[in-house]
Amino acid sequence: MTAPHIDRDRLWQSLMDMARIGATADGGSNRQALSQEDAQARALLLEWCAPLGLKLEQDAIGNMFLRRPGSDPAARAVAFGSHLDTVPTGGRFDGIVGVLSGLEVMRALHAAGMATRAPLELVNWTNEEGSRFRPAMMGSRVHAGDMGLEATLAITDDRGVSVAEALKQSGLAGPLAPSPRGWACWLEAHIEQGPVMEASNTDIGIVVGTMHARYFQITVTGEPSHVGPTTMDRRRDSLAATAEAILAVERIGRAAEPGGRASATWIENFPNARGAVPAITRLHADVRHDEAATAIEMEAALRQALAEIAAVRQVAIEVDHYTSFGPVAFDQTLANVLRRRAEARQFTIRDMIAAAGHDSVLVAQLCPSAMLFVPSVAGITHNPSEYSTPEQIARGAQVLLDAVLELAG
Ligand SMILES: [Zn+2]
């Protein structure tokens, strides 16, 4: 028996093969949750898992658990993975690195003919990105009991297709009732999605926690009227008021740097017709910060700014705070395992705070959890030019493998 080792080229080839599904002309990936592309990506993963003897268990929200038995049937599983879905302007690495690094761990163990004491589970979570169906981290939220299954199945995309219908059309609903699986621990490898590691020559980021983020849907209601006869002073224009709201969000984000961010990212306008003064505009915004208390202050500043805009422009503004994540402190003992394993390989390391949401935020409510980051070239993400080198990704997979071997025995 040889010691299991990460095959850099095999891992890279799998990443490139996966990127062909939903490939965009500019080199990115568009594989939104529960689409035909998502179904094809999952089928490819299953094809790769079949020769490894992994057994698929799938729950009703489509989360995939690929199980490798351990020598001790009573032992709780060591689980790891991430997500295969992307945003519409997605890259080839966000989420995919976590799933396929996990696959590479399974392949390495299989090639070495090595059994672990504890079972292993490779996980692909449904709809981590939340760009088609909000909120983000949907599959892990339902798994963790943060959202109910029935209410989640009724959520619709912009075309009115529900999660239930999309699961049915894509054939991705499994028979299991979503619930925690009694894991011993959870690990997720991910790209940094920021510039810090590259700038500081860091190989492996040890993610010690996440920011606190708060998400809002803002509905601005004015009054429909004709753009010709309606004089400027009589207008109650919901879109113009929303323009001010967008700038207020940006101001709040700038004032909160370096620890904070605020973004307005999505808009829907009614009647959205030439010739009609806009009457109802919906905006999606979020605020986030290292310090939870400061994120709450940012929300207060946003509500204050919106109240002022509403008063001046004579429109009604409703704010629906529909979800949050973090702050999460990941398990220190588990983070130390990653730290020691990276140091043993002579990789340079650095503690990191995740600014983006990840499925690990939800899993951390259930069992000891930790994340590792690999560098993102130029910090670019959710963009077709998102890139990490084969070597950077292989280092992350190596630390994942070494940690899994320590934890699973
Ligand atoms: Zn991700």
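This one's a predicted model, so the numbers in the text were calculated from it and none came from an experiment.

1. Quick look at the sheet that holds strand S9 (residues 260-270)
With antiparallel pairing, the four strands of this open sheet are ordered in space as S9-S11-S7-S12. Strand pairing shows two members of the sheet lacking a second neighbour, S9 and strand S12 (316-325), which therefore form its edges. Ignoring which end each strand starts from, the neighbouring axes of this sheet average 15 degrees apart. Strands strand S7 (212-221), S9 and strand S11 (280-289) of the sheet are contacted by helix H8 (residues 238-255), whose axis makes an angle of about 170 degrees with S9. Along the sheet, helix H9 (residues 292-313) makes contact with S7, S9, S11 and S12, crossing S11 at roughly 155 degrees.

2. Regarding the environment of Val337
Structurally, the position occupied by Val337 is in helix H10 (residues 332-344). Note: C-alpha distance between Val337 and Ala310 (27 residues apart in sequence) is 52 Å. When sequence neighbours within four positions are dropped, the list of residues in contact with Val337 reads Ala403, Glu406 and Leu407.

3. What to know about the domain arrangement of the protein
Along its sequence, the protein is carved into domain 1 (8-211 + 327-408) and domain 2 (212-325). On a C-alpha basis, the centroid separation for the pair domain 1 and domain 2 is 33 Å. Counting from both sides, the interface comprises nine residues of domain 1 and, opposite them, 11 residues of domain 2. Of the residues in the side of domain 1 that touches domain 2, the class split is seven nonpolar, two polar and no charged.

4. A closer look at the packing of H8 against H9
Where H8 meets H9, the closest approach of the two axes is 10 Å, and the angle between their N-to-C directions is 155 degrees. Relative to H9, the element H8 is oriented roughly antiparallel. By crossing handedness, the relation of H8 to H9 is classed as right-handed. Contact residues: Ala241, Glu244, Ala245, Ala248, Val249 and Ile252 in H8; Met298, Ala301, Leu302, Ala305, Leu306, Ile309 and Arg313 in H9. Here the contact of H8 with H9 is composed, by residue class, of 11 nonpolar, no polar and two charged.

5. A look at the pairing of strand S1 (residues 55-58)
Of the pairings in the sheet, the one linking S1 to strand S2 (residues 64-68) comprises four bridges and is antiparallel in character. From the neighbouring strand, Glu57 faces S2, where its bridge partner is Phe65.

6. Brief notes about helix H1 (residues 8-19)
Between its first and last C-alpha, H1 extends 17 Å over 12 residues, near the 16 Å set by a 1.5 Å rise per residue. Here H1 has its buried residues at Leu11, Ser14, Leu15, Met18 and Ala19. Within H1, the buried residues cover an arc of 140 degrees as seen down the axis, which keeps them to one side. Every exposed residue of H1 that faces more than 90 degrees away from the buried side is listed here: Asp9, Met16 and Asp17. On its buried side, H1 packs onto helix H2 (36-49), helix H3 (96-112) and helix H12 (390-408).

7. Side note on the sheet that holds strand S5 (residues 185-191)
Read from one edge of the open sheet, eight strands run S1-S2-S4-S3-S5-S14-S6-S13, paired in mixed fashion. Each of the sheet's edge strands pairs with one partner strand only, and the pair in question is S1 and strand S13 (349-354). Each adjacent strand pair in this sheet contributes to an overall mean axis angle of 30 degrees, direction not counted. Relative to strand S14 (residues 369-374), H12 is tilted by about 155 degrees, and along the sheet it contacts strand S3 (78-82), strand S4 (120-124), S5, strand S6 (204-210) and S14.

About the criteria used
Residues numbered from 1 in each chain as written. Predicted model: local features only at pLDDT ≥ 70, side-chain atom pairs only at ≥ 80, totals over all residues. Pairing = 2+ DSSP bridges. Helix = DSSP H or I, 4+ residues; strand = E, 2+ residues; numbered from the N terminus. Axes fitted to C-alpha atoms, helices over the stretch in contact; angles between N-to-C directions. Contact = placed C-beta atoms within 7 Å. Domains from an automatic or database assignment. Nonpolar A, V, L, I, M, F, W, Y, C, P; charged D, E, K, R; others polar. Parallel < 35°, antiparallel > 145°, perpendicular 65-115°, else oblique. Left-handed = near helix turned anticlockwise from the far one by under 90°. Expected span 1.5 Å × (residues − 1). Buried ≥ 20, exposed ≤ 12 C-beta atoms within 10 Å, placed from the backbone. Arc of directions from axis to C-beta.

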